[in-house]
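# Structural features, examined
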Amino acid sequence: MKIKLKVWRQKNRDTPGQFKTYDSPELNEHMSFLEMLDVINEDLANKGEEPIAFDHDCREGICGTCSCVINGKPHGPNRGVATCQTYMRSFKDGDTIVVEPWRAKAFPIIKDLVVDRTAFDRIQHAGGYISVRTGAAPDANAILVPKKDADLAMDAAQCIGCGACVAACKNASAMLFVAAKVSHLGLLPQGQPEREKRVLAMVKQMDEEGFGACTATGSCQAVCPKEISIAFIARMNHDYGKALLKGDPHAAPGQAG
Amino acid sequence: MAVLNSNIPPGPLAEKWEQYKFNTKLINPANKRKYKVIVVGAGLAGASAAATLAELGYEVHNFVFHDSPRRAHSVAAQGGINAAKNYPNDGDSVYRLFYDTIKGGDFRSREANVYRLAEVSLNIIDQCVAQGVPFAREYGGFLDNRSFGGAQVSRTFYARGQTGQQLLIGAYSALNKMIGAHAVKSYTHAEMLDLVVVNGHAKGIIVRHLETGAITRHNADAIVLATGGYGNVYNLSTLARNSNATAIWRAYKRGACFANPCYTQIHPTCIPVSGDYQSKLTLMSESLRNDGRVWVPKKKEDCKKRPRDIPEADRDYYLERMYAAFGNLAPRDVSSRAAKQVCDEGRGIGPSGLGVYLDFADAIQRLGEGKVRERYGNLFAMYHEITNEDAYHTPMRIYPAVHYTMGGLWVDYNLMSNLPGLFVLGEANFSDHGANRLGASALMQGLADGYFVIPATISAYLASQNPGQRPPVEHDAFRAAEADVQAIITKLMNSKGKHTPTSFHRRLGKIMWDHCGMARTKAGLEAGIKHIIALRDEYWREVNVLGAANDWNQALELANRVADYLELGELMCRDALHREESCGAHFREEYQYTTADPEVQNGLVNVGDVKRRDDVFAYVAGWEYPGTTEKAPVLNKEPLVYEAAHMSTRSYKV
Amino acid sequence: MSGIFKSSLGKKYLMAGTGVVLLSFVVGHLIGNLQVFGPPELINRYAYFLHSKPALLWSARIGLLAALVIHVSTAARLTMENRAARPIGYAGGVAFGSTWQSRHMFLSGAVILAFVAYHLAHFTWRLPAVNGLGDFTKLQTVLDGKTVPDVYGMMILGFQVWWVVLLYLIAQVLLLAHLSHGIASAFFSLGLRNHVWAPHLQRAGLALSVALFLGFVSIPAAIFTRVIGADYAEKTRMELRAATQFEAALVRGKEAR
């Protein structure tokens, strides 16, 4: 099979980008989408043209590095998979495939299809953890966790941090990501002492990064490679409201919330 | 010649670690903050080390080439993590985990390190649970365990099929806490390209920022490398595409010894290669072998038939036939080699003839499709995504693929290399898995090294260094190292050849797989070395790197890494050539059991099983860089002494 | 607590909270209006009752106005922030995983706001310019011996004009769109739903919005199709004409003098 690739090319953060169209060499339907890009890049390099920069690493859907918007949909046409798990059999011979980077103010483009997602890291620096010193932990079975809670926490914890939720949301909102993080820890007994502090701090950082708000359209969960439910957003909304109402009597004035 | 002193503390095996910790010099809290430690990598070992060292009060700088520390390839581990908790009360103990690991490693690992690993495995689970790792639970709220990778006890803790991911998120969250507290400075998109050695001590690194191409110098009182394995020498492997050997290889070229480079684990259950364009091989969790049966047709002519058309009588369930006691659960190296053997006989299946069936028909009949779906649904779905085949109705096709490298930089009991001040953790070092690693042990080692070992052992070294006295980045050694890095980049950018780095990588991978893969021979390895040297020459003449050096340039990144693979591949072949025995994953065709051996006659092993030569090769081979790739590397030996475990023939047959 | 006004989540609480207030008005308003299906005295008595309690009426009006102002201004702020979060949109593809109404809350809200203004002008301020008929303030009737506004007559007469009915219909369709997403979404924003309740709330929200739609649409539909008030319409039309003629005569008389 052969396809036409209409792809976003942008030299760096400061230079405006534009679409360019390339004709692919002969492809195979068993190729992954990223292998198709490899083949096109090899072809471009052999013609002396700079290859298309794209993010990728594990290529098995778990590291969360790959990030292409394919025909307007983050991670391509199939549900519950990342770009690297999208195969060319999902496309037809002769198709024109439009490939773009994640688009969000909080995810500036570094080059071509590569974006800067460090905003996600900063949100987690703000509170995405349980404060436990190495060596201070009690026996692992000392605190029991109902299976139901552990399973739900795991549903949230599966997030691979790819940013597709932001890319898909019409508001470029990071709510699904932050909610998954907040819920993973908030569902476990170990995460209770910092539950309120965590949600306040993480939401504050999320807002500062320039993500939009949630309109509950559900497009985030539709593209999430781990199919994380927006019900976690409601859970975070609940936690945040509770934390706001309770406040912290010992916080310095002006710091609450 | 380097001196490889293992520095194993005295005393009985079970007391060494406690005694060691008590006897190690501590550093007072006021002085700790004057020591700066660089941690390269943020996988399980790197992230846990960086977080814990920062908690202790050291100034920690962490470097990753990823855009975020959370992307390290530990994230991809599926199955689980071992710990000798003995929660199921099925006879496990620290000693049993220790012994299984030593035996699994075919008596080529260091006893004291392995014992310590088994000991701290207990603390790892506690730590991870406290951090919020959502391990699988039973209905009573207690942690669930499963048997994994051929172990006869259930000691594996797991979080669905994403244990590595969850443990990494745990370690990453510990790191986040310390970054948030400004106790760790995190550098992302920052790739280490050289080690700086000052007066024989590791005191800094040279880093290239992947976005801007800026080369920077970073000094420290100690350097910790936790940069993972080097399986991508083979091009096709289950590793992430960007995992690479550059950090450890450049450290090797600065004087750190490289131990047992030829020990490469080939994982038996991966999806077979489908074409030349292939960039990556996907591992299917080993847990599939708990219920799947491995077979190939008895007759070559049947190989192209549809599996359902091959009658039961014409199928060879070769693992069950060869290893009655373990059957389909035989260890990874044994299963992989058996698959190769049947394919070499011409009985391989699939389009390439390099594949065997993993069949769930019996399991579906016994348990029902629902139960099988419940256990392995996500794996079957993944298989379907990749191959477009439905494994509920037709057997999976699997073939071995490069998965893990047991070799790595040589370290002593302190996890310090022969270069003082250079510590190496996790898959990047060689220490704990001998010649073969057991399933669910890599995660255990990474976290053991990072959370519990390095925080205790680094103080022994730092106490010998005056606080605040690390050499400045203006030191000549830094200037020289930066110039060397710059020279390589300039050479690559100026080479106006015709071929991409990718094409060389592919060709090197083929040489390595053919000559230094699952079965090795003297002639094959010698030929491999010749091919690699020739390819390396061609590389520097013919490689073509487009784009600019001061820009985001993935071709340049790869070119740098392939340059190192082209040297490391040769060393792997040399190590495999020198080791004239078979052990664990290292299989030399010249050294295998035959019908003439008494072990075969009395049914302990099969014909074709690995034959160790403990009298000659019971040592760690620590290769030392002679200063140029023109000369052969220098072999240093660390003898392996077993005090508690007795070297015995590793049998999985009875 | 300041987080309620500053944070993205806080603003969503405001949207949800004021939305619930406005929704309760809409429900009450419908119940009141459905009395038009009874004899004319029923709704006229109800209207007179409301107007006879100015304290109650005005506190409700001020409350509603405050809710409306907060709802609209917060929506405007959020929409601006959300648009800023994605400066460059996507070239490829179509929407996925979300409903039209969830993506167009601002649009449906804006149309409803415009309709509210029209509706007030139509029936509350009774501006002759917007009803296509004349001065509704002239419509009066006698109830329990007192002369009171003939609300029934006004409604019957008002919905004899096809384009007025059409305007009301369009507005109701958009209200349906707005509420079919908004009701469930308010529970979502307030964190009052979880994995288990989410589907039920979704259905309940939809059911309520459909009920409101049918209720509101039934009034102009029944009147325009002359199911109710056919005779009364003629009577009222005459009255209005008579009152207008009388007034005109008065004016002419004044001029003549």
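These figures come from a predicted structure and were not determined experimentally. Within each chain, residues carry numbers counting from 1 in the order of the written sequence. Labels are handed out in written order, letters beginning with A for the chains and numbers beginning with 1 for the ligands. Totals for whole chains, interfaces and linings use every residue, but because this is a predicted model, local features are given only for residues with pLDDT of at least 70 and side-chain atom pairs only at 80 or more, for both listing and counting. Calculated side-chain values reflect all of the structure's heavy atoms, with hydrogen atoms and water omitted.

## Some remarks on the overall build of chain A
Segments assigned H or I by DSSP are reported as helices when at least four residues long, segments assigned E as strands when at least two residues long, and all are numbered from the N terminus. Within chain A, the regular secondary structure consists of eight helices and seven strands. With the C-alpha coordinates of chain A rotated into their principal frame, the extents come out at 65 × 40 × 35 Å. Should any heavy atoms of two residues lie within 4.5 Å, those residues are considered in contact. Partitioning the intrachain contacts of chain A with sequence separation of at least 6 by distance along the chain shows that 70% fall at a separation of at least 24. A total accessible area of about 8600 Å² is found for chain A, and carbon and sulfur atoms account for 50% of it. By the counting scheme adopted, Arg and Lys are positive, Glu and Asp are negative, and His together with the chain ends is not counted. Taken as the charge centre is NZ of Lys, CZ of Arg, CG of Asp or CD of Glu, depending on the residue. Computing the positive centroid from 31 side-chain charges and the negative centroid from 31, chain A places the two 4 Å apart. To be clear on the numbers: accessible area is Shrake-Rupley with a 1.4 Å probe, and residue cover counts the displayed protein chains and nothing else.

## Considering the domain arrangement of chain B
Residues and elements named next belong to chain B. Taken domain by domain, chain B consists of domain 1 (270-401) and domain 2 (476-620). With centres defined by C-alpha atoms, the gap from domain 1 to domain 2 works out at 29 Å. Every contact between the two is made by nine residues of domain 1 and, on the other side, 10 residues of domain 2. By buried area we mean the combined loss of accessible area, with a 1.4 Å probe, across both parts when two parts are placed together. Overall, the association of domain 1 and domain 2 removes approximately 840 Å² of surface from exposure, summing both partners, and the carbon and sulfur fraction of that is 57%. Of all residues in domain 1, Y323, R337 and K340 give up the largest surface area on contact with domain 2, accounting jointly for 52% of the area buried on that side. Every element with two or more residues in the side of domain 1 that touches domain 2 is listed here: α9 (332-347) and β15 (396-405). In terms of residue count, α9 provides more of the side of domain 1 that touches domain 2 than any other element does, four residues in total. Split by residue class, the side of domain 1 that touches domain 2 holds four nonpolar, one polar and four charged. Residue ranges labeled as domains rest on an automatic or database domain assignment. Classification convention: Asp, Glu, Lys, Arg as charged; Ala, Val, Leu, Ile, Met, Phe, Trp, Tyr, Cys, Pro as nonpolar; all other residues, Gly among them, as polar.

## As for the environment of D514 of chain B
Position of D514 of chain B among the secondary structure elements: in helix α14 (residues 501-515). Once the C-alpha coordinates of D514 of chain B and G528 of chain B are considered, the two residues, 14 residues apart in sequence, prove to be 8.1 Å apart.

## Here we look at the interface of chain C and chain A
Each side of the interface is counted separately: chain C has 39 residues, and chain A has 52 residues. Between chain C and chain A, roughly 3400 Å² of surface is buried when both sides are summed, and carbon and sulfur atoms account for 62% of that area. Considering only the surface of chain C that becomes buried against chain A, Y90, F96 and F188 of chain C emerge as the three largest contributors, covering 20% of it. For this document, the term salt bridge refers to a Lys or Arg side-chain nitrogen within 4 Å of an Asp or Glu carboxyl oxygen. Viewed at the interface, chain A and chain C are joined by zero salt bridges. The term polar contact refers here to a pair of N or O atoms within 3.5 Å; inside protein, the definition further demands a hydrogen-donor-capable atom paired with an acceptor-capable atom, and it admits residues adjacent in sequence only when both atoms are side-chain atoms. Counting across the chain C and chain A interface gives 19 residue pairs in polar contact (both at pLDDT 80 or more).

## Considerations on the arrangement of the chains
Looking at the two pairs of chains with contacts, the pair that accumulates the most is chains A and B. What separates chain B from chain C at the closest point of their C-alpha atoms is a distance of 19 Å, and the two make no contact.

## Considering the sheet that holds strand β18 (residues 619-624) of chain B
Residue and element names in this part refer to chain B. With respect to topology, four strands assemble into an open sheet ordered β16-β10-β18-β19, the strand pairing being antiparallel. The sheet is open, and its two edges are formed by β16 (408-409) and β19 (634-639), each paired on a single side. In terms of strand pairing, β18 meets β19 through six bridges, oriented antiparallel. Residue pairing in the sheet places E624 in a bridge with V634 of β19. Docked against the sheet, helix α16 (residues 554-578) engages β10 (258-259), β18 and β19, running at close to 145° with respect to β18. A pair of strands counts as paired when DSSP detects no fewer than two bridges linking them. As a rule, the C-alpha atoms of each element are fitted with a line to give its axis, helices using only the stretch in contact, and angles between N-to-C directions run from 0 to 180 degrees.

## A look at the domain arrangement of chain A
Residues and elements named next belong to chain A. Segmentation of chain A into domains returns domain 1 (4-110) and domain 2 (117-246). Taking only C-alpha atoms into account, the centre of domain 1 sits 29 Å from that of domain 2. Every contact between the two is made by 22 residues of domain 1 and, on the other side, 22 residues of domain 2. Taken over both partners, the interface formed by domain 1 and domain 2 buries close to 1600 Å², and the fraction arising from carbon and sulfur atoms is 62%. The largest per-residue losses of area from domain 1 upon contact with domain 2 belong to R79, A106 and F107, which jointly make up 32% of the total buried on that side. Run the count over domain 1 and domain 2 and you get two salt bridges. When the shortest N-O distance is used, the salt bridge between E227 and R79 registers 3.7 Å. Counting every contact that joins domain 1 to domain 2 gives four residue pairs in polar contact (both at pLDDT 80 or more).

## Considerations on the sheet that holds strand β6 (residues 190-198) of chain B
Residues and elements named next belong to chain B. Spatially, β6-β7-β8 is the arrangement adopted by the three strands of the open sheet, whose pairing is antiparallel. Here the strands that pair on one side only, and so sit at the sheet edges, are β6 and β8 (215-219). For this sheet, the mean inter-axis angle between neighbouring strands, taken without regard to orientation, is 25°.

## As for the pattern of salt bridges
Residue and element names in this part refer to chain B. According to the stated counting rule, one finds 78 salt bridges over all chains in the structure shown. The partner of R332 in a salt bridge is E286, and the shortest N-O contact between them spans 2.7 Å. Placement of the pair is R332 in helix α9 and E286 in the loop between β11 (264-270) and β12 (293-297), with a sequence separation of 46 residues. Across the pair, E286 and R332 agree in class, each one buried. Put simply, R347 and E345 hold a salt bridge, and the shortest N to O gap is 2.8 Å. With relative accessibility at 36%, the residue E345 sits in the partly exposed group. A cluster of three or more residues bridged by salt bridges with shared partners is formed by D106, R108, D333, R337, R579, E581, R612, D614 and R650. Only protein chains enter the accessibility calculation, which uses a 1.4 Å probe; a residue is then buried when its area is under 20% of its type maximum, exposed when over 50%, and partly exposed in between.

## Observations concerning the environment of V36 of chain C
Residue and element names in this part refer to chain C. Mapped onto the elements of the fold, V36 is located in the loop between α2 (8-33) and α3 (40-51). Through-space distance from the C-alpha of V36 to that of H71 is 30 Å; in sequence the pair is 35 residues apart. Apart from residues no more than four positions distant in its own chain, V36 is found in contact with I43, Y152, M155, I219 and I228.

## Points about the side chain of S285 of chain B
Residues and elements named next belong to chain B. Considering the arrangement of structural elements, one finds S285 in the loop between β11 and β12. The exposure class assigned to S285 is buried, which follows from its relative accessible area of 4%. A polar atom in the side chain of S285 sits 2.9 Å from the side chain of S287. Not counting chain neighbours up to four residues away, the residues in contact with S285 comprise Q78, G79, F148, T269 and L379.

## Thoughts on the interface of chain A and chain B
Taken together, the contact pairs 75 residues of chain A with 73 residues of chain B. Buried surface at the junction of chain A and chain B, summed over both partners, amounts to about 6200 Å²; 50% is from carbon and sulfur atoms. Between chain A and chain B we count seven salt bridges in total. For the salt bridge of R13 of chain A with E211 of chain B, the shortest nitrogen-to-oxygen distance reads 2.6 Å.

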